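# Observations on chain architecture
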Amino acid sequence: MHMRHCRHRHVEIARSLTAHILRLEIPEDTMHHHRFRSIAHTLLVPLLLVGLACTVLSRGQAAASDPYQIRLPLVRTSTQPASPGDPPEQIALDRINSYRQLAGVQPVQPHGALTAAAEHHASYDLLNYGDQSAWSNGPHGEVAGKPGFTGQTAADRMAATQFPFAPNAEVMNYFDDPIRSVDGWMSTVFHRIGILYPTSWYAGYGHGRNAVELVDVVDFGRGPSDLAVTPGVVVFPAPDQTDVPLYGASETPSPLPPGAQYPIGYPITLQPIAGANLAVTQAELRDADARIAVYPNPPGCSSACYALIPTIGLRPSTMYCVHVAGSVDGAPFDKTWSFTTSACLYPGVC
């Protein structure tokens, strides 16, 4: 996927990803388009042997080494595919919920106030494209007095449309395409975490285009209460998921260490189902041959997420095994699962 390179943008998550901030809007980037060079991949190991590797994952301490560039993944789930006549707002939520279903978290429901807030910010983006003074509060911020202003922050805009519950996240992209945008967010670390928040009950999608700009916005909100669940982790890709993309996508702030370059492999992420403090003590990604090299866990995750980011693209038609162990608010977990990558380098390029 390409990311916009003509204008620096971010995707913000209006939620804490650090222990010392109750509700933090984390800027993340605009998801530019990147072009991949074709790389010849050869399937070296039968899936049966890789499956065997899953049963012998090392339980020893892994170096806390953990997640970029993208072609868009095509997710196959048991959910009903969007019909050609479905409105973009419904297509976006269906796509989001297909990923949430894979991850085992509750679906989000449409909410008119969130749709209005997202539409307002999309309109502001289009009206103020090219006016740098309109973005002094960041890509998710608005400046009073500028055309289309409805609130300085995402939380302000959700309140202005009378959303009755707490805000949870806002993400932006630049395609005016709900499927490409959602797939792009899910190919990152921080964007994905926001998409999969178990505490989100509602969402709304706004979008638009003009002669010089395309934009997508999704606002997420909480509900009247949080579900009563046992502390644990949401993992993605999900156990036994198939057709997993080979490459990840870029974002700002970057989850990669200084000097690291793209492309990278599709990230594996963990986040708490409930609770606030995720501590990972072991983390390992393997195929049938060996442990896969990954980048260090992004500091931006703090205690709210964890990511294994392969340093190169994953191999097609390959089963990978993941082992992670740690605790959420002191409650221990130890989880091993596998997923299988797509046969295609990129969707439609096999």
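Let me sum up the structure you'll find in this document. Every value quoted in this text rests on a predicted model; they were computed, and no experiment measured them. (Residues numbered from 1 in each chain as written. Predicted model: local features only at pLDDT ≥ 70, side-chain atom pairs only at ≥ 80, totals over all residues. Heavy atoms only, no water.)

This part covers the side chain of H191. Position of H191 relative to the elements: it lies in helix α6 (residues 190–195). Of note is the side chain of H191, whose polar atom sits 2.9 Å from the side chain of T188. (Helix = DSSP H or I, 4+ residues; strand = E, 2+ residues; numbered from the N terminus. Polar contact = N/O pair within 3.5 Å; in protein donor to acceptor, adjacent residues only side chain to side chain.)

With that settled, consider the environment of V280. Residue position: V280 is located in strand β11 (residues 278–286). Each C-alpha atom of the pair V280 and C305 lies 9.2 Å from the other, and the pair is 25 residues apart in sequence. For V280, the contacting residues outside a window of four places in its chain are Y306, A325, G326 and F333. (Contact = heavy atoms within 4.5 Å.)

Let us now look at the nonpolar core. Residues F220 and F339 are the most contacted members of the largest nonpolar core, which totals 56 residues. With five residues, helix α2 (residues 88–103) is the single largest residue contributor to this core. Not counting residues up to four positions away in its chain, the partners in contact with F339 are P237, A238, Q241, V244, I268, L285, L314, T318, M319, Y320 and V322. (Core = buried A, V, L, I, M, F, W, Y, C linked by side-chain atoms within 4.5 Å. Buried < 20%, exposed > 50% of the residue type's maximum accessible area, 1.4 Å probe, protein only.)

Glancing now at the packing of aromatic side chains. One pass over the structure, following the stated rule, counts seven aromatic pairs. Taken together, a centroid distance of 6.4 Å and an interplanar angle of 40 degrees make the contact between W201 and Y202 tilted. Three or more aromatic residues joined by ring pairs make a cluster, and in this case those are F163, F165, W201 and Y202. (Phe/Tyr/Trp six-rings, centres within 6.5 Å; stacked < 30°, edge-to-face > 60°.)

For the rest of this paragraph, the subject is the packing of α2 against helix α5 (residues 178–186). Their axes nearest at 9 Å, the elements α2 and α5 cross at an angle of 30 degrees. One way to sum up the angle between α2 and α5 is to call them roughly parallel. Both α2 and α5 take part in a crossing whose hand is right-handed. Of the residues in α5, those touching α2 at P88, I91, A92, R95, I96 and Y99 are P178, I179, V182, D183 and M186. Across the contact of α2 with α5, the residue classes break down as nine nonpolar, no polar and two charged. (Axes fitted to C-alpha atoms, helices over the stretch in contact; angles between N-to-C directions. Parallel < 35°, antiparallel > 145°, perpendicular 65-115°, else oblique. Left-handed = near helix turned anticlockwise from the far one by under 90°. Nonpolar A, V, L, I, M, F, W, Y, C, P; charged D, E, K, R; others polar.)

With that out of the way, let us pick up the state of the cysteines. Counted by the stated rule, this structure contains one disulfide. The residue that forms a disulfide with C301 is C305, at a sulfur-sulfur distance of 2.0 Å. Taking the sign of the S-S torsion, -100 degrees for the link of C301 and C305, the bridge is left-handed. Among the residues examined, C301 registers a relative accessible area of 0% and is labelled buried. Looking at C305, the relative accessible area reads 1%, which means it is buried. (Disulfide = S-S within 2.5 Å.)

With that settled, the discussion passes to the side chain of T269. Residue placement: T269 occurs in strand β10 (residues 268–274). Here T269 falls in the buried class, since its relative accessible area comes to 1%. At 3.0 Å, the side chain of T269 and the side chain of R192 are in polar contact. Aside from chain neighbours lying at most four places away, what touches T269 is V189, R192, I193, V234, V235, F236, Y306 and A307.

Now for the pairing of β10. Of all seven residues in β10, six are buried, a share of seventy percent or more. In this structure, strand β9 (residues 232–236) lies alongside β10, joined through five bridges in antiparallel fashion. For V233, the partnering residue across the bridge sits in β10 and is P272. Sheet topology places β10 next to strand β13 (residues 306–310); three bridges connect them, and they run antiparallel. Opposite T269, over in β13, you have A307 as the bridge partner. (Pairing = 2+ DSSP bridges.)

Each turn of an α-helix holds 3.6 residues, which means side chains three or four residues apart point in the same direction. The first and last C-alpha atoms of helix α3 (residues 112–127) sit 22 Å apart over 16 residues, in line with the 22 Å expected at 1.5 Å per residue. Among all positions in α3, only A113, L114, T115, A117, A118, H121, A122, Y124, D125 and L126 are buried. (Expected span 1.5 Å × (residues − 1).)

Here we come to the pattern of salt bridges. The full count for this structure, using the stated rule, is ten salt bridges. Residue R209 is joined to D176 by a salt bridge in which the shortest nitrogen-to-oxygen separation is 2.6 Å. Of this pair, R209 sits in strand β7 (residues 202–209) while D176 sits in the loop between β6 (167–173) and α5; the two residues are 33 residues apart in sequence, bridging distant segments of the chain. Of the residues examined, R209 reaches a relative accessible area of 52% and is grouped as exposed. One connected set of salt bridges, linked through shared partners, spans E142, R157 and E170. (Salt bridge = Lys/Arg side-chain N within 4 Å of Asp/Glu carboxyl O.)

To continue, consider the sheet that holds β13. Strands belonging to one sheet form pairs held by backbone hydrogen bonds; the direction of such a pair is parallel or antiparallel. Taken together, four strands build an open sheet; the order of strands is β9-β10-β13-β12 and the sheet is antiparallel. The two strands at the open ends of the sheet, each matched to only one other strand, are β9 and β12 (294–295).

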